[in-house]
Amino acid sequence: PLPVPQTGAGPLSARELDVLCRIAAGESNKLIARALELSPHTVKRHVANILDKLGLASRSQAAAWLHAQGLAR
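Okay, so let's go over this structure. Everything numeric in this text was worked out from a predicted model, so none of it was measured.

What about the packing of helix H3 (residues 40–54) against helix H4 (residues 59–68)?
Part 1 of the argument: Between H3 and H4, whose axes approach to 10 Å, the crossing angle comes to 65°. Crossing hand, H3 versus H4: left-handed. Contacts between H3 and H4 involve Val47, Ile50, Leu51 and Leu54 on the former and, on the latter, Arg59, Ala62 and Trp65.

Spelled out as structure tokens, the structure:
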């Protein structure tokens, strides 16, 4: 497998960071899916991967992590 690019977001891929920014903006999976032209299932997987990679339990914790990193768009 290819190494994950290191943005300022640690282990997150560029797409995961896009999804996380939209989570932090309060968007639902359905809205994120529409905006990024993905299936809701794919967004759900991205959210699960984000939480796993960051060791967090909720979307709100992920949003707080994003803000703490200074990465919120």
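What to know about the environment of Gln61
Part 1 of the argument: Following the sequence through the fold, Gln61 ends up in helix H4.
Part 2 of the argument: Accessibility expressed as a relative area gives 37% for Gln61, which makes it partly exposed.
Part 3 of the argument: Considering only alpha carbons, one finds Gln61 and Ala24, 37 residues apart in sequence, at a separation of 9.4 Å.

Quick notes on the side chain of His46
Part 1 of the argument: Tracing the backbone shows His46 in helix H3.
Part 2 of the argument: In contact with His46, other than residues within four places in its own chain, are Arg15, Glu16, Val19 and Leu38.

Brief notes about the side chain of Glu16
Part 1 of the argument: One can find Glu16 in helix H1 (residues 14–24).
Part 2 of the argument: Within the structure, the side chain of Glu16 is placed 2.9 Å from the side chain of Lys53, a separation counted as a polar contact.
Part 3 of the argument: Residues within four places of Glu16 in sequence aside, it is in contact with Pro11, His46, Asn49, Ile50 and Lys53.

Considerations on the pattern of salt bridges
Part 1 of the argument: Inspection of every chain in the model, using the stated rule, returns three salt bridges.
Part 2 of the argument: In this structure, Asp18 engages Arg15 in a salt bridge whose closest nitrogen and oxygen atoms are separated by 4.0 Å. Of this pair, Asp18 and Arg15 both sit in helix H1, three residues apart, which is roughly one turn of the helix.
Part 3 of the argument: With a relative accessible area of 24%, Asp18 lands in the partly exposed category.

Reading guide: rules and limits
- Residues numbered from 1 in each chain as written.
- Predicted model: local features only at pLDDT ≥ 70, side-chain atom pairs only at ≥ 80, totals over all residues.
- Heavy atoms only, no water.
- Axes fitted to C-alpha atoms, helices over the stretch in contact; angles between N-to-C directions.
- Helix = DSSP H or I, 4+ residues; strand = E, 2+ residues; numbered from the N terminus.
- Left-handed = near helix turned anticlockwise from the far one by under 90°.
- Contact = heavy atoms within 4.5 Å.
- Buried < 20%, exposed > 50% of the residue type's maximum accessible area, 1.4 Å probe, protein only.
- Polar contact = N/O pair within 3.5 Å; in protein donor to acceptor, adjacent residues only side chain to side chain.
- Salt bridge = Lys/Arg side-chain N within 4 Å of Asp/Glu carboxyl O.

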